[in-house]
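# A structural walkthrough
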Amino acid sequence: MSVLPALQAELAVATNRLLATAASLSDADLAAPSLLPDWTRGHVLAHLAQNADSHLNLLSWARTGVRTPQYASFAARSAAIEAAATHPVARHLAELEDGAARLAAAVRDLPAYAWPAQVEGMRPPPHPAWYLLVRRLREIGFHHVDLAAGHTPGDWPAPFVRRELHDCLATWPRDHKAVGRIELVEDGRITARHGLGDGPAVRGAPHDMLAWLTGRSRGEGVSLVPVGRSSTPGRGEVGGDVGAGLPDPPPWLTMPAPADLPTTPPEDYP
């Protein structure tokens, strides 16, 4: 058994939750700003619908062996999002539902030989086709929050948070020295430590840490660990003032695929 069924099931749930949020919005709601600079909620929904088609391009590449770019170009991608951003809710919802259904069918019908095939998005490195499910889940998970329509980092499922923290740290830019150690805290205990360099240590619950590292919060729930402080979190130490004294995390624009992914779908990921 590989991780594919679990990722497909997770993707179906995440997609349905996104569709429910989109259906709750009015045309006026779509003109409001999202959490992303210069993008309205309409821009976010347009991107998510078109992103499904972009993943279909990469699945076609995996199936046929014919190089098929995810998007024609960065400029074409941006222009298409801009053109669709002002569509009414009904059209956005129809395009989201149609793209999700076609993507689910393509994933279901992809031959076993195609999952290890190497494909590449708009940014390197190349990765095996099975990782496209992780990438689509990333798009939905982060951009659902970006809609600023009630879905928050606290709503991210635990498997999503665990996987995205893993990939975030696996692709950490080695020239970024502002953060030296990340401590993840659950049930009052430090469950993981990640050494990154000589910078200060930060501590927080996994979903709060992921939100901060990926620009989805100002640091709510994340605190700086003072130099010389015990590594055992004390009462009230997880949380603290919003972003108080925190260093700047890396500027995550698009998280790349880790360089050491297994070629064939693993039993679990990470």
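What comes next concerns the included structure. Only a predicted model underlies this, so the values are computations on that prediction, with no experimental measurement involved. For every chain, the first residue of the written sequence is number 1, and numbering continues from 1 onward in sequence order. In keeping with the model being predicted, local features are shown solely for residues with a pLDDT of at least 70 and side-chain atom pairs are shown and tallied solely at 80 or more, while totals for entire chains, interfaces and linings include all residues. Excluded from the side-chain calculation are hydrogens and water; included are all heavy atoms of the structure.

### Overview of the side chain of glutamine 70
Locating glutamine 70 in the fold gives a position in the loop between helix H3 (41-64) and helix H4 (74-84). Burial status follows relative accessibility: with a 1.4 Å probe on protein chains alone, a residue under 20% of its type maximum counts as buried, one over 50% as exposed, and anything between as partly exposed. According to the relative accessible area criterion, glutamine 70 is buried, its value standing at 5%. Definition of a polar contact: a pair of N or O atoms within 3.5 Å, with one able to donate and the other able to accept a hydrogen when the atoms are protein atoms, and with sequence-neighbouring residues admitted only if both atoms are side-chain atoms. Only 3.5 Å separates the side chain of glutamine 70 from the backbone nitrogen of methionine 122, close enough to count as a polar contact. The contact definition used throughout considers only heavy atoms, calling two residues in contact when any of these lie within 4.5 Å. Not counting residues within four places of it along the chain, the set of residues in contact with glutamine 70 comprises Asn51, Ser54, His55, Asn57, Leu58, Gly121, Met122 and Arg135. Strands here mean DSSP runs of E at least two residues long; helices mean DSSP runs of H or I at least four residues long; both are numbered from the N terminus.

### Concerning the packing of aromatic side chains
Aromatic rings considered in pairs are described by the distance between their centres and by the relative angle of their planes. We call Phe, Tyr and Trp rings a pair once their centres come within 6.5 Å, taking the six-membered ring for Trp, and we label the pair stacked below 30 degrees between planes, edge-to-face above 60, and tilted otherwise. Per the stated rule, a full pass over the model turns up 6 aromatic pairs. Between tryptophan 130 and tyrosine 269, the aromatic rings sit 5.4 Å apart at their centres with planes inclined by 70 degrees, giving edge-to-face as the arrangement. Residue tryptophan 130 is located in the loop between strand S2 (127-128) and helix H6 (131-146), and its partner tyrosine 269 is located in the segment after strand S6 (222-225); the two are separated by 139 residues in the primary sequence. For the residue pair tryptophan 130 and tyrosine 269, the accessibility class agrees, reading buried in each case.

### Quick word on the packing of H6 against helix H7 (residues 158-170)
For every element, the axis is a line fit to its C-alpha atoms; helices are fit only across the contacting stretch, and the angle between N-to-C directions ranges from 0 to 180 degrees. Running from amino to carboxyl end, H6 crosses H7 at an angle of 110 degrees, the nearest separation of the two axes being 11 Å. Relative to H7, H6 is oriented roughly perpendicular. Only Phe160, Arg163, Glu164 and Asp167 of H7 make contact with H6, whose side of the interface consists of Tyr131, Val134, Leu137, Arg138, Gly141 and Phe142. In terms of residue class, the contact of H6 with H7 is made up of 5 nonpolar, 1 polar and 4 charged. An angle below 35 degrees is read as roughly parallel, one above 145 as roughly antiparallel, one from 65 to 115 as roughly perpendicular, and any other as oblique. Only Asp, Glu, Lys and Arg are considered charged, only Ala, Val, Leu, Ile, Met, Phe, Trp, Tyr, Cys and Pro nonpolar, and every remaining residue, Gly among them, polar.

### Overview of H3
Residues spaced three or four apart along an α-helix point in a common direction, a consequence of the helix completing one turn every 3.6 residues. With 24 residues, H3 extends 35 Å from end C-alpha to end C-alpha; this agrees with the ideal 34 Å at 1.5 Å per step. Extensive coverage of H3 is indicated by the burial of 19 of its 24 residues. In this structure threonine 40 caps H3, since a side-chain oxygen of it lies 3.1 Å from the backbone nitrogen of glycine 42. Count one or two residues on from H3 and you reach glycine 65, which has phi positive near 80 degrees. Every helix has an expected span of 1.5 Å times one less than the residues it contains.

### Some words on the sheet that holds strand S4 (residues 189-195)
Any two strands with at least two DSSP bridges between them are considered paired. Sheet architecture is open: 4 strands sit in the order S4-S3-S5-S6, paired in mixed fashion. Strand pairing shows two members of the sheet lacking a second neighbour, S4 and S6, which therefore form its edges. The sheet shows a mean angle of 25 degrees between the axes of neighbouring strands, direction not considered. Here strand S3 (residues 181-186) pairs with S4 via 6 bridges, running antiparallel. Bridge assignment links glutamate 183 to a residue of S4, and that residue is arginine 193. On the sheet, helix H8 (residues 206-213) packs against S3, strand S5 (201-204) and S6 and is oriented at approximately 145 degrees with respect to S3.

### Thoughts on unusual backbone geometry
With an omega dihedral of 5 degrees, the bond running from proline 124 to proline 125 counts as a cis peptide bond. One can find proline 125 in the loop between strand S1 (118-119) and S2. The peptide bond linking tyrosine 269 to proline 270 adopts the cis configuration, its omega dihedral lying at 0 degrees. Along the chain, the position of proline 270 falls in the segment after S6. In this structure, aspartate 38 is a non-glycine residue whose phi angle is positive, near 70 degrees.

### Overview of the packing of H7 against H8
Where H7 contacts H8, the axes come no closer than 10 Å and their chain directions differ by 45 degrees. The angle between H7 and H8 falls in the class oblique. The element H7 and its partner H8 pack so that their crossing is left-handed. On the side of H7, the interface is formed by Phe160, Val161, Glu164, Leu165 and Cys168, while H8 contributes Pro206, His207, Met209, Leu210 and Leu213. Residues of the contact of H7 with H8, tallied by class, amount to 8 nonpolar, 1 polar and 1 charged. By the definition used in this description, the sense in which the near helix is turned from the far one sets the handedness, with an anticlockwise turn below a right angle giving left-handed and a clockwise turn giving right-handed.

### As for the layout of surface pockets
Of the pockets and cavities examined, the second largest pocket occupies roughly 220 Å³. Elements supplying a minimum of two residues to the lining of the second largest pocket: H7, S3, S4 and H8. Counted by class, the lining of the second largest pocket contains 8 nonpolar, 4 polar and 2 charged residues. In this analysis the probe radius is 1.4 Å and the grid spacing 1 Å, with only protein atoms considered; a cavity is a set of points the probe fits into but cannot get out of, a pocket is an open set with protein on both sides within 12 Å along at least five of seven lines, and lining residues have an atom within 4 Å of a point. Grid points are joined across faces, edges and corners, and a volume is the space filled by probe spheres set on the points.

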